[in-house]
Amino acid sequence: MSPPVAPPGWSRWLVPPAALSVHLSIGQAYAWSVFKPPLESALGLSGTQSALPFQLGIVMLGLSAAFGGTLVERHGPRWAMNVALVCFSSGFLLSALGAAVEQYWLIVLGYGFVGGIGLGIGYISPVSTLIKWFPDRPGMATGIAIMGFGGGALIASPWSAQMLESFGTDSSGIALAFLVHGLTYAVFMLLGVLLVRVPRPKKGADGSAAALGGVQVSARGALRTPQFWLLWLVLCMNVTAGIGILEKAAPMITDFFADTSTPVSATAAAGFVALLSAANMAGRIGWSSTSDLIGRKNIYRVYLGVGAVMYTLIALFGDASKPLFVLCALVVLSFYGGGFATIPAYLKDLFGTYQVGAIHGRLLTAWSTAGVLGPLIVNWIADRQEEAGRHGASLYGTSFVIMIGLLAVGFVANELVRPVHPRHHVSATPAPKEAADVRRQQPESA
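First, a word on scope: everything that follows refers to the structure included in this document. (Residues numbered from 1 in each chain as written. Predicted model: local features only at pLDDT ≥ 70, side-chain atom pairs only at ≥ 80, totals over all residues. Heavy atoms only, no water.)

1. A look at the overall build of the protein
Item 1. Helix and strand content of the protein: 20 helices and 0 strands.
Item 2. For a compact globule of 446 residues, the expected C-alpha radius of gyration is about 22 Å, and the protein comes in at 21 Å, within 12% of that figure.
Item 3. Across its three principal directions, the C-alpha atoms of the protein cover 70 × 45 × 35 Å.
Item 4. The buried share of the protein, taken over its 446 residues, is 58%. (Helix = DSSP H or I, 4+ residues; strand = E, 2+ residues; numbered from the N terminus. Rg over C-alpha atoms; globule rule 2.2 N^0.38 Å. Buried < 20%, exposed > 50% of the residue type's maximum accessible area, 1.4 Å probe, protein only.)

Here it is in structure tokens:
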């Protein structure tokens, strides 16, 4: 399958909106915490259990991106967006069935497994294409698209809360909300499928690493470099810290101020989730664009170093000041989003554009790991503290200390990143298998 090639005169600024239509849809994953309390009440689940669909979805995101990265490079963004549409929407439909018949395993299978595959393929579908369209501003380009994934909950959180209020928070109401999500997102994602294009190949370019120029490393070669694994650790630590707040955002802010004179209502908690989504979204375009000016390593110093300071402030003073809690959480989530949007450009700087999409897909296994670690740390510790008779902010103190330590580990890993040794560069004459892969990745000239 050849990807659609842009006709002469095609504006590259039409590509980011195509990517946004997919990323805004799959970004609904960040609004999962709105469904946690109704599911726990309707199906008798614990906080750890209700996090399972989200956790599995993030795991499958990383795994499908890793294993599907080469296929996305080979078949192009339209094929990838089609796969994402089918899997993500089908996941919601399966979840609707599971809620209707009160079989939680169907929700886990649908939203987590099937929908998670849609998350992974949809997430990486436009990345290499955008870098090719915007070689002069890769951080900004990927930030615009990946901004949509962070901003998905800005739409989905209040929308989901309103549907649950209208349909009810019992199993049938949850099922109807899932059904509406699946059908609506299918239509919205179709816009991206129809709009996306790849740039026309330059005359005489064969797509080899030599033709691309500069440092070029294959996906297979990248796995043999320490730089890849250092960046894997950097991304994993940054994501774990951010997702720990994001996955439990609504119940967390409610717990923090439950014993104060100004408790947080369910509606306000949903609004907090939407605010976090806005910070996540703004960080993806704002911080990634800043990285084009100050460099990738410097911006990750900000993400990890200042992020640790924000977590410290929440742990020490968060329950004493609602504005401080909200502000620090917003900063952490802006760094979380910025980290995602900056990593493709960081990879491009280190490994070149030759197979950057496939390398990015493999790196997202760090997200899979963090998707398990972050919610597990926060939910498991909160459940144990609650069993011990504690409540309020004390449910989260230990987990926040762990997050500070993880951010410190990521900071050190980022400091160790150096340019890739020339022995890992792709030679001017690629190996037969790599050359065949390159030929398959080249679109037919229109």
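Following the structure, the description resumes.
2. Some words on the packing of aromatic side chains
Item 1. Here the structure, examined in full by the defined rule, presents 30 aromatic pairs.
Item 2. Centroid distance tryptophan 159 to tyrosine 185: 5.8 Å. Interplanar angle 90°. Geometry classified as edge-to-face. Taken as a pair, tryptophan 159 in helix α8 (residues 138–167) and tyrosine 185 in helix α9 (residues 171–195) lie far apart in primary sequence, 26 residues in all.
Item 3. A relative accessible area of 25% places tryptophan 159 in the partly exposed class.
Item 4. Tyrosine 185 sits in the buried class, given a relative accessible area of 6%.
Item 5. Grouped by ring-pair contacts, the aromatic residues Trp32, Phe35, Phe88, Phe92, Tyr111, Trp159, Phe178 and Tyr185 constitute a single cluster.
Item 6. When the ring centre of phenylalanine 257 is taken as origin, the NZ or CZ atom of lysine 322, which lies over that ring, is 5.4 Å away. (Phe/Tyr/Trp six-rings, centres within 6.5 Å; stacked < 30°, edge-to-face > 60°. Lys NZ or Arg CZ within 6 Å of the ring centre and 35° of its normal.)

3. Quick notes on a nonpolar patch on the surface
Item 1. Taken together, the side chains of Leu93, Phe167, Leu176, Leu179 and Leu183 define a hydrophobic patch exposed on the protein surface, amounting to about 400 Å² of accessible area.
Item 2. For the nonpolar patch, the element with the highest residue contribution is α9, accounting for 3 residues.
Item 3. By the secondary structure assignment, leucine 183 is in helix α9. (Patch = residues over 30% accessible without salt bridge, like charges linked within 9 Å, V, L, I, M, F, W, Y side chains within 5 Å. Areas by Shrake-Rupley, 256 points an atom, 1.4 Å probe, with all protein chains shown as cover. Salt bridge = Lys/Arg side-chain N within 4 Å of Asp/Glu carboxyl O.)

4. Observations regarding helix α18 (residues 365–387)
Item 1. Between its first and last C-alpha, α18 extends 33 Å over 23 residues, near the 33 Å set by a 1.5 Å rise per residue.
Item 2. A positive backbone phi angle near 95° is found at glycine 389, which sits one or two residues after α18. (Expected span 1.5 Å × (residues − 1).)

5. Focus on the packing of helix α4 (residues 52–75) against helix α17 (residues 356–363)
Item 1. Where α4 contacts α17, the two axes come as close as 7 Å, and the packing angle between them is 170°. On the basis of their axis angle, the class for α4 and α17 is roughly antiparallel. Facing Gly62, Ala65, Ala66, Gly69, Thr70 and Glu73 of α4, the residues of α17 in contact are Val356, Gly357, Ala358, Gly361 and Arg362.
Item 2. Across the contact of α4 with α17, the residue classes break down as 4 nonpolar, 5 polar and 2 charged. (Axes fitted to C-alpha atoms, helices over the stretch in contact; angles between N-to-C directions. Parallel < 35°, antiparallel > 145°, perpendicular 65-115°, else oblique. Contact = heavy atoms within 4.5 Å. Nonpolar A, V, L, I, M, F, W, Y, C, P; charged D, E, K, R; others polar.)

6. Brief notes about the packing of α4 against α18
Item 1. Between α4 and α18, the shortest axis-to-axis distance is 6 Å and the interhelical angle comes to 170°. When the axis of α4 is compared with that of α18, the two are roughly antiparallel. Every pair of crossing elements has a handedness; the one defined by α4 and α18 is left-handed. Contacts from Phe54, Gln55, Ile58, Val59, Leu61, Gly62, Leu63 and Ala66 in α4 reach Thr365, Trp367, Ser368, Gly371, Val372, Pro375 and Leu376 in α18.
Item 2. Within the contact of α4 with α18, the residues separate by chemical class into 10 nonpolar, 5 polar and no charged. (Left-handed = near helix turned anticlockwise from the far one by under 90°.)

7. Some thoughts on the side chain of lysine 248
Item 1. With respect to the element layout, lysine 248 can be found in the loop between α12 (226–246) and α13 (249–256).
Item 2. Among buried Asp, Glu, Lys and Arg side chains, lysine 248 stands out as unpaired, with aspartate 255 the closest opposite charge at 5.3 Å.
Item 3. The contacts of lysine 248, once residues within four sequence positions are left out, are Val378, Asn379, Ala382 and Tyr396. (Lys, Arg positive; Asp, Glu negative; His and termini not counted.)

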